[in-house]
Amino acid sequence: MRERRWPWLRRAALWSALSATLMGMGTLGGGGAGGLPMRDIHATLTDVDGTRIDVNHLTVGGEPSVDGDLGRGRLKLGLDQITRMTIEAAGSDRDRLRAVLSLRDAEPVTLILRSSTTFYGQTGSGAYSIRARDLRSVDLRP
């Protein structure tokens, strides 16, 4: 008799357990928002004061790629294609920076980045982030 009076309770408990399990599977992926990138990019970041920081799991704006203006268009390159980035002011516009990217298998490319672009990485001490306007160079290692 008891089973007939509360059948919805049993269904609700089953649905709750099933949905919690399925939602938790979303964090199993290799990359994406909030997770580490699928490829572990190691780099040495040098800021405008000359301080060098070694990081791994480097991302730019949370992505394992960098994109910027190239002429009137935009170009997006994977960090694994780049060996070095040199960053400098792009004229009088304080919001824009010139980034010269040395590529592994091609000629260097110059992109215009926003100065607020953020580089993220992991150090032995914890998470690290720095804005492009505070960087002078990024040396990437496979």
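Note on numbering: residues in each chain are counted from 1, in written sequence order. Confidence filtering applies because this is a predicted model: local features only for residues at pLDDT of at least 70, side-chain atom pairs given and counted only at 80 or more, and all residues used for totals across whole chains, interfaces and linings. Values reported for side chains reflect all heavy atoms of the structure, with hydrogen atoms and water molecules removed beforehand.

> What is the right way to look at the overall build of the chain in this model?
Helix and strand assignments come from DSSP, with helices taken as H or I runs of at least 4 residues and strands as E runs of at least 2, each series counted from the N terminus. Within the chain, the secondary structure is distributed over two helices and 10 strands. For the chain, the N- to C-terminal ordering of α and β elements is α-α-β-β-β-β-β-β-β-β-β-β. Burial analysis of the chain (142 residues in total) assigns 27% to the buried set. Residues are treated as being in contact if the distance between any of their heavy atoms lies within 4.5 Å. Intrachain contacts of the chain at a sequence separation of at least 6 include 45% that bridge at least 24 residues. Each accessible area is a Shrake-Rupley estimate made with a 1.4 Å probe; only the visible protein chains count as cover when residues are assessed. Surface exposure of the chain reaches about 9,600 Å², of which carbon and sulfur atoms provide 52%. Accessibility here uses a 1.4 Å probe with only protein chains present; expressed as a share of the type maximum, an area under 20% marks a residue as buried, one over 50% as exposed, and anything in between as partly exposed.

> What should I look at first to understand the nonpolar core in this one?
For soluble globular proteins, the rule of thumb is that nonpolar side chains tend to be buried together. Core analysis: the biggest nonpolar cluster contains 25 residues, and Leu58 and Phe119 have the highest contact counts within it. For this core, the secondary structure elements donating two or more residues are strand S1 (42–47), strand S2 (52–60), strand S5 (82–89), strand S6 (96–103), strand S7 (109–114) and strand S10 (135–141). Looking at this core element by element, the count peaks at four residues for S6. Residues belong to a common nonpolar core when they are buried Ala, Val, Leu, Ile, Met, Phe, Trp, Tyr or Cys residues joined through side-chain atoms within 4.5 Å.

> In this structure, what is going on with the pattern of salt bridges? I would like to understand it.
The salt bridge criterion pairs a side-chain nitrogen of Lys or Arg with a carboxyl oxygen of Asp or Glu, the two atoms within 4 Å. The full count for this structure, using the stated rule, is five salt bridges. The salt bridge involving arginine 74 is made with aspartate 67; its shortest N-O contact spans 3.1 Å. Taking the shortest distance from any N to any O, the salt bridge between arginine 84 and aspartate 139 comes out at 2.4 Å. Here the residue arginine 84 occupies a position in strand S5, and aspartate 139 occupies one in strand S10, the gap between them amounting to 55 residues.

> What is the right way to read unusual backbone geometry from this model?
With the exception of glycine, the majority of residues adopt a negative phi angle, and the majority of peptide bonds are in the trans configuration. Unusually for a residue other than glycine, histidine 57 sits at a positive phi of about 55°. Inspection of the secondary structure puts histidine 57 in strand S2.

> I tried to follow the confidence of the model for the chain on my own but got confused; where do I start?
In low-pLDDT regions, the fine details of the predicted coordinates are not to be read closely. Note: pLDDT gives the predictor's confidence per residue, expressed from 0 to 100. The predicted model of the chain averages 84 in pLDDT, with 73% of residues at 70 or higher. Here helix H1 (residues 2–5) stands out as the element of the chain with the lowest mean pLDDT, 58, in contrast to S1, whose mean of 98 is the highest. In the model, residues 25–33 has pLDDT below 50 throughout and makes six contacts with residues more than four positions away in sequence or in other chains.

> How should I be thinking about the pairing of S7 in this particular structure?
Here is the key point about a regular strand: its side chains alternate between the two faces of the sheet. Here S7 shows a buried face lined by Val109, Leu111 and Leu113 and an unburied face lined by Thr110, Ile112 and Arg114. Examined bridge by bridge, S6 and S7 share six bridges and lie antiparallel to one another. Residue pairing for S7: valine 100 is matched across the bridge by threonine 110. The pairing criterion is simple: DSSP has to find at least two bridges between the two strands.

> When you look at the pairing of S6 in this model, what are you seeing that I'm missing?
Burial along S6 is one-sided: Leu97, Ala99, Leu101 and Leu103 are buried, while Arg96, Arg98, Val100 and Ser102, pointing the other way, are not. The pairing of S5 with S6 spans seven bridges and is antiparallel. Paired with threonine 86 across the bridge in S6 is valine 100. Between S5 and S6, which pair antiparallel and follow one another directly, the connecting turn spans six residues, one of which, glycine 91, has a positive phi of 80°.

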